[in-house]
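Chain by chain, the residues run as shown.
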Amino acid sequence: MVDANYGWRMAGDARLGWDVAEAVQAARAFERMGVYWLEEPLPTSDVQGYAELRSKTALRIAAGEMVRQAHEARDLIARGGVDVIQTDVVLSGGVTGARRIADFAALSGRMWSPHTWTNGFGFLVNLHVAMAYSTCAFVEVPFDPPGWGPDRRDWLLPEPLFIAEDGTIRPPEGPGLGIPADLAWLEPRRLD
Ligand SMILES: [Mg+2]
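Predicted, not measured: the structure shown is a model, and the values here were computed from it.

Regarding the environment of Pro175
Within the fold, Pro175 resides in the loop between helix 6 (150-153) and helix 7 (183-186). Accessibility expressed as a relative area gives 78% for Pro175, which makes it exposed. Spatially, the C-alpha atom of Pro175 lies 31 Å from that of Ala63, the residues being 112 residues apart in sequence.

Some points on the domain arrangement of the protein chain
Domain parsing of the protein chain yields domain 1 (1-8 + 17-63) and domain 2 (64-185). Distance from the C-alpha centre of domain 1 to the C-alpha centre of domain 2: 21 Å. In this assembly, 18 residues from domain 1 lie in contact with 19 residues from domain 2. For the pairing of domain 1 and domain 2, the buried interface totals around 1500 Å² over both sides, and the portion due to carbon and sulfur atoms is 60%. Looking only at domain 1, the three residues that lose the most surface to domain 2 are Trp37, Val47 and Ala63, adding up to 34% of its buried area. At the boundary of domain 1 and domain 2, one finds one salt bridge. Between Arg54 and Asp83 there is a salt bridge, with the nearest N and O atoms lying 2.6 Å from each other. At the surface where domain 1 touches domain 2, the tally comes to ten residue pairs in polar contact (both at pLDDT 80 or more).

Digging into the sheet that holds strand 3 (residues 60-63)
Ordered by their spatial adjacency, five strands build an open sheet running 1-2-3-4-5, and the pairing between neighbours is parallel. Because the sheet does not close on itself, it has two edges, and the strands there are strand 1 (2-3) and strand 5 (111-112). Of the strand pairs in this sheet, strand 4 (residues 84-85) and strand 5 are connected by two bridges, and their pairing is parallel. Each bridged residue has a counterpart across the sheet, and for Val84 the counterpart in strand 5 is Met111.

Criteria and cut-off values
- Residues numbered from 1 in each chain as written.
- Predicted model: local features only at pLDDT ≥ 70, side-chain atom pairs only at ≥ 80, totals over all residues.
- Heavy atoms only, no water.
- Helix = DSSP H or I, 4+ residues; strand = E, 2+ residues; numbered from the N terminus.
- Buried < 20%, exposed > 50% of the residue type's maximum accessible area, 1.4 Å probe, protein only.
- Domains from an automatic or database assignment.
- Contact = heavy atoms within 4.5 Å.
- Buried area = accessible area lost by both parts, 1.4 Å probe.
- Salt bridge = Lys/Arg side-chain N within 4 Å of Asp/Glu carboxyl O.
- Polar contact = N/O pair within 3.5 Å; in protein donor to acceptor, adjacent residues only side chain to side chain.
- Pairing = 2+ DSSP bridges.

Next up, the structure:
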């Protein structure tokens, strides 16, 4: 997979993204290289651009990792034609919201594959919901050492989640999310 990361911008981000023509050129080049999907080559709001790009490449297109509203996900799939919708369970309506989007993607012949970049519990809930409802074998998680390692990602958990050398992840088997929240540890960190 290749992540262009042009779907959304952070404060201070001065990079210029691709226009549709550049995105088509990139997609066609990646297509020849056997890339599985190209992720967020255009701004998330450019649904028409996604539709145009999708009509000009056979490469799977993924998008929507910061989408909040179900209708945004619906439009990216139904009008934009994206192959993979990447909504985060934490940001897009929780477990029920994610299930609705996953169902809509599946009914449309597309995939839901969550992106998660919040914290250990966000990772956990996306992993469990993906195992339950996703038709795609992949989840996008924070793992970019040394800057983004398991300790920085999973500081809310008793111990970091383990990602195997081959990239596979086994979710914890306990009830609920599999790992109970340590409320005694959280209490002194309350902000109010
Ligand atoms: Mg991404």
